[in-house]
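# Examining the three-dimensional arrangement
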Amino acid sequence: MTPPVVLTIAGSDSGGGAGIQADLKTFAALGAYGASVITAITAQNTVGVAAIHPVPAEIVAAQLDAVLDDLPVAAVKVGMVGDAAIAEVIAARAKELPHLVVDPVLVATSGATLGSAGFVGRLIAYAEVLTPNRREAAALAGGEGGSPEADAVVLAGRGARAVVVTGSELAVDVLRYDGVTEMLAGQPVETANNHGSGCTFSSAIAVRLAAGDAIPEAVRAAKAYVTTALRGGSEWRLGAGPGPLNHFA
């Protein structure tokens, strides 16, 4: 049986825990065929980000054209955008990107800045699902919200079909969908290894949408998968900082 094709448009993490690398692992673990468009090259590890080099917008466009011209892409996840020119490339082709999941990557787990709310916000209106963490949701809402629940309402009002605000220490996420706000309770996992958890979550949603799940079911399935991956890597000792998830747990 031919697997569904899921495309990630994101930055590369040389440490392998987040970004393109985490996305492709997630796709493979969940039975999808992964394609990629790299928006930026980062020099990073579990401790931090040493350097960032955005890929020229014309090369991003060429990668995107090459994938879309040949492969039957069923869903797309957007992570680290890189810069405003790349955001425009993605926005210009948004109608060709089915089941678009936008993970507005603004800050790395280590604290490094990876994006700007200004140009990342350009993509909100095209998102079928938007997956900011609490800090990112507040930045994108620009003070109009004031709480995760209110931020989700603000961002949904800007065009995203669904918004999931993550990042609670109690594993409680906020889902805004179809005019309703719902709290999604999860199982907290005791671990310092959470590098790439946001990338993994958004990628898992894209896979489930490609498989035909409705948005609420896709979000719940992705949340359960991340919990398993966090638990599976909780005893790992890879690097001196927050380590990666076990995507194949």
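Every residue gets a number counted from 1 within its own chain, in the order that chain's sequence is written. It should be noted that, the model being predicted, local features are given only for residues of pLDDT at least 70 and side-chain atom pairs only at 80 or more, the latter also being counted only at that level, while totals for whole chains, interfaces and linings use all residues. Computation of side-chain values covers all heavy atoms of the structure but excludes hydrogens and water.

## Describing the pattern of salt bridges
Selection rule: Here, a salt bridge means any side-chain nitrogen of Lys or Arg that lies within 4 Å of a carboxyl oxygen of Asp or Glu. A run of H or I in DSSP counts as a helix once it spans at least four residues, and a run of E counts as a strand once it spans at least two, with each numbered from the N terminus. Exposed residues in this analysis have more than 50% of their type's maximum accessible area, buried residues have under 20%, and partly exposed residues fall in between, with area computed by a 1.4 Å probe over protein chains only.
On inspection of all chains with the given rule, the structure shows 7 salt bridges. In this structure, E128 engages R161 in a salt bridge whose closest nitrogen and oxygen atoms are separated by 3.8 Å. In this pair, E128 is assigned in the loop between α4 (117-120) and β6 (129-130) and R161 in the loop between α6 (148-157) and β7 (162-165), connecting sequence segments 33 residues apart. When its relative accessible area of 14% is taken as the criterion, E128 is described as buried. Relative accessible area serves as the criterion here: at 48%, R161 is assigned to the partly exposed category. In this structure, D213 and R208 form a salt bridge, with 2.9 Å as the shortest nitrogen-oxygen distance. Residue R208 is classed as partly exposed on the basis of its relative accessible area of 27%.

## Focus on the packing of helix α7 (residues 197-210) against helix α8 (residues 215-232)
The cut-off we apply is this: A fitted line through C-alpha atoms serves as each axis, taken over the contacting stretch for helices, and the angle formed by two N-to-C directions is quoted from 0 to 180°. Roughly parallel refers to an angle under 35 degrees, roughly antiparallel to one over 145, roughly perpendicular to one between 65 and 115, and oblique to any angle outside these ranges. Helix crossings fall into two classes, left-handed where the near helix is turned counterclockwise from the far one by less than a right angle and right-handed where it is turned clockwise. A contact between two residues is defined here by any heavy atoms of the two lying within 4.5 Å. Three residue categories are used. Nonpolar comprises Ala, Val, Leu, Ile, Met, Phe, Trp, Tyr, Cys and Pro, charged comprises Asp, Glu, Lys and Arg, and polar comprises the others, including Gly.
The interhelical angle for the contact between α7 and α8, taken along N-to-C directions, is 135°, at an axis separation of 8 Å. The angle between the axes of α7 and α8 places the two elements in the oblique class. By crossing handedness, the relation of α7 to α8 is classed as right-handed. Residue-level inspection shows S197, T200, F201, A204, I205, R208 and L209 of α7 in contact with α8, the latter providing I215, A218, V219, A221, A222, K223, Y225 and V226. Per-class residue counts for the contact of α7 with α8 are 11 nonpolar, 2 polar and 2 charged.

## Focus on the environment of G142
Locating G142 in the fold gives a position in the loop between α5 (134-141) and α6. The exposure class of G142 is exposed, given its relative accessible area of 61%. Between the C-alpha atoms of G142 and V154, which are 12 residues apart in sequence, the distance is 9.5 Å.

## Overview of the side chain of R93
With respect to the secondary-structure elements, R93 resides in the loop between α3 (84-92) and β5 (100-102). Apart from the residues within four sequence positions on either side, R93 is in contact with A61, L64 and D65.

## A word on the sheet that holds strand β3 (residues 49-54)
Where strands meet in a sheet, backbone hydrogen bonds hold them as pairs that are either parallel or antiparallel. Applied cut-off: One requirement defines pairing of two strands: DSSP has to find at least two bridges between them.
In spatial order, the strands read β3-β2-β1-β4-β5-β6-β7-β8-β9; together these 9 strands make up an open sheet with mixed pairing. A single partner strand is all that each edge strand has here, and the edge strands are β3 and β9 (180-185). Where strand β8 (residues 172-177) and β9 come together, 6 bridges link them in antiparallel fashion. In the sheet register, Y177 faces β9, and the bridge partner there is V180.

## Some words on α3
Test applied: Pairing of N or O atoms within 3.5 Å defines a polar contact, subject to two protein rules: one partner must be a possible hydrogen donor and the other a possible acceptor, and residues neighboring in sequence count only if both atoms are side-chain atoms.
Along α3, the residues classified as buried are I86, A87, V89, I90 and A91. Sitting at the amino-terminal end of α3 is D83, which places a side-chain oxygen 3.2 Å from the backbone nitrogen of A85.

## Observations regarding the nonpolar core
To keep it simple, the criterion reads: Put simply, buried Ala, Val, Leu, Ile, Met, Phe, Trp, Tyr and Cys residues joined by side-chain atoms within 4.5 Å make one nonpolar core.
Core analysis: the biggest nonpolar cluster contains 39 residues, and L7, I9, V78 and V81 have the highest contact counts within it. A per-element tally of this core places helix α2 (residues 57-70) first, with 6 residues. Judged by nonpolar contacts, the second largest core, of 26 residues, contains L175, A204, I205 and Y225.

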